[in-house]
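Fold and geometry: a report
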Amino acid sequence: MIKPVIGRPPEIIAMGIAHAKEDPAGIIGPWFMAIVGYTFMMGFLTVQATRYFSAFGIECWGMFILVVLALVLATAQWGIVVSAGWNWLVINYGNWALIVSAPWQAWLTPMINPITILVCQLFFAHRCYTLYGRNLPMFIGLLLGMVASAVLCVPVGLQVAIDPYNFALGAKFAIPATVTSLVTDVAITGLTVWKLSRHGATYSPNTHDVLQRLRNITLEAAAPPAVFSLLNMVSFTTMGDKNLVFTFFGVLAPCLYVCSLLFVLNARVDVRRQLSPNDDTDTLSTRFEFSPVVSSRARNTDTSNTAVFSTATVPDFAPNATGRFDIERLGSGDKRRESRRNPDSFAESKSEFQVDLDRWDDVSPPTRSKASRVMGADPDQIC
């Protein structure tokens with residue numbers, strides 16, 4: 001016998017039991033499929049996490065903490081889903097009263113999921129921040145959207161815990177939270193792809209292929225979580241008062257965000273091979289440069305394991321496979337060039353751009369030259 005609490009009067013519980021018995025597939029089915037789907041995704045995450053730490057280790061503490069936190073949150077959510085399945089379908093099999101009373105797994109899930117999404121979005125937002133020359137207003141705007149979505153999800157969890165059958169109250173917070181998250185995702189993806197498109201600039205074939213590969217990686221990483229978040233909102237608004245189909249998409253969406261994060265990080269290995277196709281070593285360099293040489297043919301060099309790509313038009317940025325864009329323009333004059341050039345760089349042209357994709361730790365950028373200030377680029381932008 002369930003003791004009635006706020007929002008769980010006996011008549012509501014009885015009605016919920018009757019509805020669950022009439023449509024068990026719509027009530028239990030989504031949670032069962034979420035267990036199957038999430039377990040499959042955990043295998044994918046395990047492989048991706050192993051690849052990441054094997055290839056990059058602790059590249060910087062900020063990135064290490066972000067990746068570990070995302071994996072811990074995804075694993076915790078998987079444990080909650082498995083716990084729900086074991087408790088509802090094994091230990092308390094046939095106890096419909098337990099299920100329709102919205103146990104702790106039902107209200108804890110909408111509170112953990114937005115935190116997981118926020119952690120992953122933070123990486124992609126910071127990538128836009130560095131890509132656009134450390135544009136602080138842009139980063140603050142994206143951050144506000146991410147935080148607003150996460151904060152709006154807290155009342156959703158409280159509503160499920162206190163008044164689970166008040167669907168109108170839940171919709172007042174769940175829909176704005178999902179829409180805000182989707183708008184933020186679209187903004188991040190659009191800004192990244194737009195910057196990588198560089199309309200009007202002419203590059204060597206190899207450089208063009210690299211940029212196209214980065215655009216594809218950005219879109220492939222953004223599509224799955226955005227689609228599941230959209231389906232979660234649509235199913236909640238159209239069928240939320242009839243079944244729990246929306247929980248399937250809502251449970252898996254944060255896991256897809258973590259998968260996208262690791263996918264983008266691990267894609268650096270393939271892009272590195274594309275940048276240094278003749279490098280047979282196990283550790284491929286990620287330093288490459290855009291050199292304003294009037295030539296349509298790319299030239300490679302083994303000096304300092306740096307790949308150099310010729311361009312007919314000088315770009316004002318240089319992308320990397322991780323989405324961090326580290327820009328350094330070397331001004332004229334031997335003294336200034338020598339003081340600002342990294343030890344392992346061989347850049348000599350005053351219009352040469354170089355990028356070190358292996359640097360992830362945050363450091364204070366040096367004073368910018370007049371040329372870089374005009375371009376809006378920090379000399380040593382770090383993701």
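Residues numbered from 1 in each chain as written. Predicted model: local features only at pLDDT ≥ 70, side-chain atom pairs only at ≥ 80, totals over all residues. Heavy atoms only, no water.

1. A closer look at the nonpolar core
Y38, L45, M63 and F123 are the most contacted members of the largest nonpolar core, which has 67 residues in total. Counting residues per element, this core draws most heavily on helix α10 (residues 245-275), which supplies 15 residues. Ignoring any residue separated from it by four or fewer positions in sequence, one finds L45 in contact with A74, C255, V258, C259 and L262. (Core = buried A, V, L, I, M, F, W, Y, C linked by side-chain atoms within 4.5 Å. Buried < 20%, exposed > 50% of the residue type's maximum accessible area, 1.4 Å probe, protein only. Helix = DSSP H or I, 4+ residues; strand = E, 2+ residues; numbered from the N terminus. Contact = heavy atoms within 4.5 Å.)

2. A closer look at the packing of aromatic side chains
Scanning all chains against the criterion turns up 12 aromatic pairs. Measuring from ring centre to ring centre gives 5.0 Å for F236 and F246, while their planes differ by 80°; the resulting arrangement is edge-to-face. Placement of the pair is F236 in helix α9 (residues 205-239) and F246 in helix α10, with a sequence separation of 10 residues. There is no split in this pair, since F236 and F246 are both buried. Grouped by ring-pair contacts, the aromatic residues Y52, F53, F56, W61 and F64 constitute a single cluster. (Phe/Tyr/Trp six-rings, centres within 6.5 Å; stacked < 30°, edge-to-face > 60°.)

3. Section: empty space enclosed by the protein
All told, the structure shown has 4 cavities of 30 Å³ or more when counted by the stated rule. As a volume, the largest cavity reaches approximately 150 Å³. Lining the largest cavity are 13 residues, and of these F124, D185, T189, A221 and A222 lie nearest its centre. Take the lining of the largest cavity: its biggest share by element is 5 residues, from α9. For the lining of the largest cavity, the per-class residue count stands at 7 nonpolar, 4 polar and 2 charged. (1 Å grid on protein atoms, 1.4 Å probe; cavity = no way out; pocket = protein on both sides within 12 Å on 5 of 7 lines; lining within 4 Å. Points joined across faces, edges and corners; volume = space filled by probe spheres on them. Nonpolar A, V, L, I, M, F, W, Y, C, P; charged D, E, K, R; others polar.)

4. Digging into the pattern of salt bridges
Side chains that differ in sign of charge can pair as their charged atoms come close. Enumeration according to the criterion identifies 3 salt bridges in this entry. With a shortest N-O distance of 3.7 Å, R213 and D270 are connected by a salt bridge. With R213 in helix α9 and D270 in helix α10, the pair connects residues that are 57 residues apart, well separated along the chain. Exposure remark for R213: the relative accessible area of 29% places this residue in the partly exposed category. Given a relative accessible area of 32%, D270 falls into the partly exposed group. (Salt bridge = Lys/Arg side-chain N within 4 Å of Asp/Glu carboxyl O.)

5. Here we look at helix α8 (residues 167-197)
Between its first and last C-alpha atoms α8 spans 43 Å; for 31 residues at 1.5 Å apiece the expected length is 45 Å, and the two agree. Where α8 terminates, the next one or two residues include R198, which has phi positive at roughly 50°. (Expected span 1.5 Å × (residues − 1).)

6. Details of the confidence of the model for the chain
Per-residue confidence for the chain averages 76 on the pLDDT scale, and 69% of its residues sit at or above 70. The low-confidence segment residues 281-383 (pLDDT under 50) makes 257 contacts with residues lying over four places distant or belonging to another chain. (pLDDT = per-residue confidence, 0-100.)

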